[in-house]
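Chain by chain, the residues:
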Amino acid sequence: MMRISHTARWLALSLTLSACSHDYQLMRLEEQLNSYGGVMRWSLFKRALDYYARPPSPPPDWQALRDVKVTYYQPLFRDALNEGKIILQTVEIRYLSKGVVEHTLTDEQRWEYDENKSRWLLVTGFPKFK
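Residues numbered from 1 in each chain as written. Predicted model: local features only at pLDDT ≥ 70, side-chain atom pairs only at ≥ 80, totals over all residues. Heavy atoms only, no water.

### Focus: the overall build of the protein
Within the protein one finds three helices and four strands. The N-to-C order of helical and strand elements in the protein reads α-α-α-β-β-β-β. With 130 residues in all, the protein has 32% of them scored as buried. Within the protein, counting contacts between residues at least 6 apart in sequence, those at least 24 apart form 48% of the total. Surface accessibility of the protein: about 8900 Å² in total, with carbon and sulfur atoms responsible for 56%. (Helix = DSSP H or I, 4+ residues; strand = E, 2+ residues; numbered from the N terminus. Buried < 20%, exposed > 50% of the residue type's maximum accessible area, 1.4 Å probe, protein only. Contact = heavy atoms within 4.5 Å. Areas by Shrake-Rupley, 256 points an atom, 1.4 Å probe, with all protein chains shown as cover.)

Now the structure itself:
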């Protein structure tokens, strides 16, 4: 009968736990990106600030945003950097502003994992609705 050494067991366990941790982090990323996308789709712009690492500068023009209604929010591209701790995402946003003409903008997002808060945070500026 073959016996597995104590060291081999610990190595297998640590690899399994680190894979679980990485999988959990990826699940949290998907959850955060989808949740932020939902907030944007519903034009809940003040609530979107909950996803930012710090308040956007300059701050959004809340009065102008009252007339903005998002009609489409679709991620186009996603890339991971720094061993998966930074995510770059490009999103297409279509919206109506003061009327029936639909506008399109491309939002370049940078998300970073905050170890202290155990969550992903958006570090780029607020989308430029015009």
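### Considering unusual backbone geometry
Put simply, Ser57 and Pro58 share a cis peptide bond, and its omega is 0°. Its place among the elements puts Pro58 in the loop between helix H2 (45-48) and helix H3 (62-65). Even without a glycine there, the phi angle at Ser43 is positive, about 60°. Looking at the secondary structure, you find Ser43 in the loop between helix H1 (6-41) and H2. Judged by relative accessible area, Ser43 falls into the buried class, the value being 16%.

### Here's the deal with the confidence of the model for the protein
Averaged over all residues, the pLDDT of the protein is 86; the fraction at 70 or higher stands at 82%. A low-confidence stretch, residues 13-19 (pLDDT under 50), is modelled with zero contacts involving residues beyond four sequence positions or located in other chains. (pLDDT = per-residue confidence, 0-100.)

### Side note on the nonpolar core
With 24 residues, the main nonpolar core has Tyr36, Phe45, Ile93, Trp111 and Phe129 as its most contacted residues. Of all the elements in the fold, those that place two or more residues in this core are H1, H2, strand E1 (68-81), strand E2 (86-97), strand E3 (102-114) and strand E4 (119-122). Residue contributions to this core peak at five residues, all from H1. Excluding residues within four positions of it along the chain, Trp111 makes contact with Gln32, Leu33, Tyr36, Tyr51, Lys85, Ile86, Ile87, Gln89, Trp120, Leu121 and Leu122. (Core = buried A, V, L, I, M, F, W, Y, C linked by side-chain atoms within 4.5 Å.)

### Topic: the pairing of E4
The pairing of E3 with E4 spans four bridges and is antiparallel. If you follow Tyr113 over to E4, its bridge partner there is Trp120. (Pairing = 2+ DSSP bridges.)

### Remarks on the sheet that holds E4
Across a sheet, paired strands are connected by hydrogen bonds in the backbone, their directions being either parallel or antiparallel. In spatial order, the strands read E1-E2-E3-E4; together these four strands make up an open sheet with antiparallel pairing. Each edge of the open sheet carries a strand with a single partner, namely E1 and E4. Direction aside, neighbouring strands of the sheet carry axes that sit 30° apart on average. Bridge count between E2 and E3: 11 bridges; the pairing is antiparallel. (Axes fitted to C-alpha atoms, helices over the stretch in contact; angles between N-to-C directions.)

### Some points on the pattern of salt bridges
Tallying each qualifying case throughout the model produces five salt bridges. A salt bridge links Arg94 to Glu92, with the shortest nitrogen-to-oxygen separation between them at 2.8 Å. Since its relative accessible area comes to 27%, Arg94 is described here as partly exposed. The residue Glu112 makes a salt bridge to Arg110 at a minimum N-O spacing of 2.7 Å. (Salt bridge = Lys/Arg side-chain N within 4 Å of Asp/Glu carboxyl O.)

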